[in-house]
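In case you want the letters, here they are:
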Amino acid sequence: MGAKPMVKIDRTEKFDAIVIGSGIGGLTVAALMSKLQNKRVLVLEQHFTVGGFTHGFERKGGKFHWDVGLHYIGELGKNSPFRAILNYLSDGKLKWEKLPDPFETFVYPDFTFRVYSDPKRYQADLIAQFPEERIAIRRYFKDVEKAAFLFIVNGLIDLSPRFLQPFIKGVCRKFDRIARQTTQHYLDKNFQSIQLKALLVSQWGDYGLPPSMSCFGIHGIIVTHFLEGGWYPVGGGSAIAKTIIPSIEQAGGKVITQRRVSEILIDKGVAVGVKVQNAAHPDTEIETYYAPIVVSNAGVFNTYMKLIPPSYPIRDRESIQAFPKGANILSLYIGFKASPQNLGFHGENHWIFDTYDQQEVAFAPPISATVSPKFAYLSFPSLKDPSAKGHTAELLAGGEYDFFLQWEQQPWRRRDADYQKIKAEITESLIDYVEDRYPGFRDLIEYAELATPLTVEHFAASDCGTIYGIPCVPERFDLPWIGFRTPIENLYLTGCDAFFAGLIGSMIGGIKTAGFVDGIFGFAKITGAVIFHKYRR
Ligand SMILES: Cc1cc2nc3c(=O)[nH]c(=O)nc-3n(C[C@H](O)[C@H](O)[C@H](O)COP(=O)(O)OP(=O)(O)OC[C@H]3O[C@@H](n4cnc5c(N)ncnc54)[C@H](O)[C@@H]3O)c2cc1C
């Protein structure tokens, strides 16, 4: 994995803002502050590379390249506002490639269903397969839009003045029942067929919660997000940070890797700076940086439980500590000897289920030499990226943090033989699972490396190696600590816990923070700049 050359920092330098973490949320805030307010922003990243879950890595001298947290993004058509924002953040340097059609393949024990980037066709194909449920299917496509809209509205309430929020929440509560219910509740109320119920939630891995736990709002967000298909960044996920960082540097800002923030400094209720450990040389003296604005991209849990000193009273600490944890994952990174096109793959995603029971998928026992997966997700970064050198795949399955807990204290790459043995067994089980459905897959493999929830915890510093922040369960609607505000003056959150997970959700988390910090015309300035940038070109 190629470490970035270290950017040097003079510790007497003055910055207008500090951002903790270089995920898309952190980079969005930093780039908007730099471009619109000419602020000098210091972004501190604990990993040795930038981008958070958008970062990628390489093996075999750069032949194979994978993403750690990006497979496809929806709503990036030519006239998409999200594309315009990403263009603005990257000064037009970030390019997108559309996934081939069909872009989703849902594989079940006795049928395979393909989704094309055309919502009308998706609906018609479902009705053709389940004609007796056509009325409910038509209603479903309207309901997912409604639920998504209400979920978004709920996620924007924190932009309103604090004293109005309980009132607005009260009003919204009267209308947003459709988004708050569990997805399972919606399915059971509206559909008969077990196969159809399973099929409609095939993408639940995109938000990491089975239908019994997710709110229908987040399900609606994901379904509507991908109705027009999927896009992938040219150069892979790492192109995102690479193209946004120059905007931060142009205003005199810096993005520094291997700097782990260990404490947010608070003076009389106001955030004033951070204490930082040099992650490359942990035994060196703690560094201290001061700035009038501190933004945390490290997530709600890390920020409240680890970075704000325990002595500082936070009313919601217990509730944050007790809130259910989000999803974990096992990721197998595969390098091929030849193109997977030889086996008939074209760059589409494959969601491969062994059962129609999504509960069974979600709560299956850990994969091992004797326990095969109930589900795996397969995607091919090299077939989506025209600039890819070697051929690659990413094979994902659910993983349990606690299952690996006994190795948590051991350092990355130096964990003991038992851990390596379990990883090797899981690798074999996952490859067998795909080989059973796509014969010839195993023979094509040149390289395979498994990442566990411990790997995620090590590189992303997420709480217990979770991947989507605070989970979108129905209870999330009423949490006062979700959103970009904190009880500490001049301290803000950004990223997935400021809105919701996914590249676009986390980027909007960044827009919320940057717009608010810029004052009453903050959002108008962002909108104006994005529109101007779009039509000037
Ligand atoms: C396997 C996987 C697949 C995914 N697939 C997709 C997809 O196909 N499409 C999509 O839209 N989304 C996808 N996502 C989700 C998406 O990648 C994330 O929701 C999004 O990138 C999160 O961005 P963020 O800014 O909230 O935070 P993150 O990307 O988590 O960034 C937070 C950063 O803060 C740093 N940090 C934490 N603590 C500290 C500290 N104390 N000091 C300094 N730095 C710190 C971390 O190292 C990290 O770089 C996927 C995620 C995963 C894991």
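*Asks:* Tell me what's going on with the pairing of strand E6 (residues 104-108), and back it up with residues and numbers.
*Replies:* When you tally the buried positions in E6, you get 5 out of 5 residues, the bulk of the element. With burial as the criterion, each face of E6 is covered, one bearing Glu104, Phe106 and Tyr108 and the other bearing Thr105 and Val107. For E6 and strand E15 (residues 349-353), the ladder comprises 4 bridges, and the chain directions are parallel. Each bridged residue has a counterpart across the sheet, and for Phe106 the counterpart in E15 is Trp351.

*Asks:* Can you lay out the site of the ligand for me, pointing to particular residues and giving the numbers?
*Replies:* Neighbouring the ligand are 34 residues; Glu45, Gln46, Phe53, Gly69 and His71 lie closest to it. Take Phe53: an N or O atom from its main chain is 2.8 Å from an oxygen atom of the ligand. Between Cys496 and the ligand, the recorded distance is 2.8 Å, taken from a backbone N or O atom to an oxygen atom. Computed on the free molecule, the ligand has an accessible area of 1000 Å², of which 94% lies beneath the protein chains in the complex. Sorting the residues of the shell around the ligand by element identifies helix H1 (24-37), strand E10 (259-267), helix H16 (453-460) and helix H17 (503-517) as the ones contributing at least two each.

*Asks:* Any chance you could break down the sheet that holds strand E12 (residues 287-290) for me, citing the residues and the numbers?
*Replies:* The strand order across the open sheet built from 3 strands is E10-E11-E12, with neighbouring strands paired in antiparallel fashion. Every other strand in the sheet has two partners, leaving E10 and E12 as the edge strands with one partner each. Across this sheet, the average inter-strand angle for adjacent strands is 25 degrees, counted without regard to direction. Alignment of E10 against strand E11 (residues 270-278), held across 8 bridges, turns out to be antiparallel. For Arg260, the partnering residue across the bridge sits in E11 and is Gln277.

*Asks:* Can you lay out empty space enclosed by the protein for me, pointing to particular residues and giving the numbers?
*Replies:* Under the criterion given, the structure shown has 3 cavities of 30 Å³ or more. Approximately 110 Å³ is the volume found for the largest cavity. Together, 16 residues line the largest cavity, and Tyr207, Ile218, Tyr468, Cys472 and Ala501 are the ones closest to its centre. Residue composition of the lining of the largest cavity, grouped by class: 12 nonpolar, 3 polar and 1 charged.

Parameters at a glance
- Residues numbered from 1 in each chain as written.
- Predicted model: local features only at pLDDT ≥ 70, side-chain atom pairs only at ≥ 80, totals over all residues.
- Heavy atoms only, no water.
- Buried < 20%, exposed > 50% of the residue type's maximum accessible area, 1.4 Å probe, protein only.
- Helix = DSSP H or I, 4+ residues; strand = E, 2+ residues; numbered from the N terminus.
- Pairing = 2+ DSSP bridges.
- Near = heavy atom within 4 Å.
- Polar contact = N/O pair within 3.5 Å; in protein donor to acceptor, adjacent residues only side chain to side chain.
- Areas by Shrake-Rupley, 256 points an atom, 1.4 Å probe, with all protein chains shown as cover.
- Axes fitted to C-alpha atoms, helices over the stretch in contact; angles between N-to-C directions.
- 1 Å grid on protein atoms, 1.4 Å probe; cavity = no way out; pocket = protein on both sides within 12 Å on 5 of 7 lines; lining within 4 Å.
- Points joined across faces, edges and corners; volume = space filled by probe spheres on them.
- Nonpolar A, V, L, I, M, F, W, Y, C, P; charged D, E, K, R; others polar.

These values are about where atoms sit, not about what they do.
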